[in-house]
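Given next are the chains, with one letter for each unit.
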Amino acid sequence: VNVHGRRPVLLYGDSFAECVPESRCFQHILNKDKEFSDQYYLLNYGVGGYGVDQIFLLLANSMQHFENPFVIISIMTLDLDRSILSVRLGQKPYFRIENGGLSLQDDPIYSDLHTFYAENPPQVRSYLYRRLMNLLRKQFPSYFEVDRKIPQKIEINERIILEMVSELRQRDLDFLFLIFHPHRPGVSSINEKSGWRERFLRQLMEENQIPCIWSKDVILRDCNGSFTHFRRSFDTYFLPQNRHPTTYANKLIARRIKAYILENSP
């Protein structure tokens, strides 16, 4: 990609970074902003459905192709749950912690989804197990409220994020984390008290002095921190059909990205 002498800004993440067709995305907003685009050019490496592990792998295999890039790593809070999965829609690479370090489990990765499922069909007992769990969940809802894989999710995501930060700092690159908060009633709500994902990420960013923009803070500041006002204005910030950020929300976040880069990048 020819950035015409400007400094490349690389954005990584999932569909919240990639954006959905209904919204104008960050590269469209910032690359048409003269104050930003005179010096910088944003390249969007967001991929829908990615977990933190896949974001890390794409970062590790692409940033070396650019000279002195500014790196933005976006994480949607539910991406933390994807990092322990070996299959999500299709097969995906994932990490295990072995001998004190990250060990990539990716042999083999099938490029064809139908071939993978044909050679790795789900066992009949898995359907029976799922049926049993659903029945038990209805009978004993309080028992199933607690996600017993939270410690595992925290451990692997902390290792991956700190590995990303270490790699960026070793390369002496400017970087910024961008945390997206989805609004999915019953799972995650931007106008409710923080759950374990947000608490974990905020503590990790603070303890390791990781620069970060929080979409939740940006949106709540825009609506004056009023949850009542926010509920009336849901469609202003999130698309009702897929709950991804609207163009308006993306512009708010892009404005914060631009301000941070102009203030902190030589």
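Structure's up top.
Presented here is a report on the structure given in the accompanying data block. Here the residue index of a chain counts from 1 through its sequence in written order. Per-residue local features of the predicted model are confined to residues with pLDDT of at least 70, and side-chain atom pairs are confined, for both listing and counting, to 80 or more; whole-chain, interface and lining totals are unaffected and use all residues. Note: side-chain values were computed over all heavy atoms of the structure, leaving out hydrogens and water.

Comments concerning the environment of Ser23
Residue position: Ser23 is located in the loop between helix H1 (15-18) and helix H2 (26-30). Here Ser23 falls in the buried class, since its relative accessible area comes to 8%. Separated by 222 residues in sequence, Ser23 and Pro245 place their C-alpha atoms 7.4 Å apart. For Ser23, the residues in contact, after removing those within four places along its chain, are Leu239, Pro245, Thr246, Thr247 and Asn250. Helix and strand assignments follow DSSP, with helices taken as H or I runs no shorter than four residues and strands as E runs no shorter than two, numbered in order from the N terminus. Burial classes follow relative accessibility: with a 1.4 Å probe on protein chains only, a residue under 20% of its type's maximum area counts as buried, one over 50% as exposed, and anything between as partly exposed. Contacts are assigned to residue pairs with any non-hydrogen atoms lying within 4.5 Å of each other.

Topic: the nonpolar core
As used in this record, nonpolar core signifies buried Ala, Val, Leu, Ile, Met, Phe, Trp, Tyr and Cys residues forming a set joined through side-chain atoms within 4.5 Å. By size, the foremost hydrophobic cluster in this structure holds 35 residues, and its most contacted members are Val71, Ile73, Ile161, Met164, Phe177, Leu201 and Met205. Those elements giving two or more residues to this core turn out to be strand E1 (7-13), helix H4 (52-60), strand E3 (70-76), helix H8 (150-170), strand E8 (175-180), helix H9 (196-207) and strand E9 (212-214). The element contributing the most residues to this core is H8, with seven residues. Core analysis: the second largest hydrophobic core is formed by 33 residues, Phe36, Ala249, Leu252 and Ile253 among them.

Details of the packing of aromatic side chains
A ring pair, where both rings are aromatic, is described by two values, the distance of the centres and the angle of the planes. In this scheme Phe, Tyr and Trp rings, the latter by its six-membered ring, pair at centre separations within 6.5 Å, and the angle between planes marks the pair as stacked below 30 degrees, edge-to-face above 60, and tilted otherwise. Following the criterion strictly, the structure yields nine aromatic pairs and no others. Ring geometry for Phe175 and Phe177: centres 6.3 Å apart, planes at 80°, overall edge-to-face. One exposure class covers both Phe175 and Phe177, and it is buried. These aromatic residues form a ring-pair network of at least three members: Tyr12, Tyr45 and Phe66.

What about the pattern of salt bridges?
A pair is scored as a salt bridge if a Lys or Arg side-chain nitrogen falls within 4 Å of a carboxyl oxygen belonging to Asp or Glu. Inspection of every chain in the model, using the stated rule, returns 13 salt bridges. For Lys92, the salt bridge is made with Asp53, and the minimal N-O distance between the two is 2.6 Å. Of this pair, Lys92 sits in the loop between strand E5 (90-91) and strand E6 (94-98) while Asp53 sits in helix H4, and the two are 39 residues apart along the sequence. Residue Arg171 is joined to Glu167 by a salt bridge in which the shortest nitrogen-to-oxygen separation is 2.8 Å. For Glu167, a relative accessible area of 25% puts it in the partly exposed group. Here the residues in one salt-bridge network are Glu198, Arg202, Lys216 and Asp217, joined through shared partners.

A short note on the pairing of E3
In terms of burial, E3 is a largely internal element, seven of the seven residues being buried. Side-chain alternation along E3 places Phe70, Ile72, Ser74 and Met76 on one buried face and Val71, Ile73 and Ile75 on a second face that is also buried. Between any two strands, pairing holds if DSSP finds at least two bridges. In the sheet, E1 pairs with E3 via four bridges, with the strands oriented parallel. The partner of Tyr12 across the bridge, within E3, is Ile73. Here E3 pairs with E8 via six bridges, running parallel.

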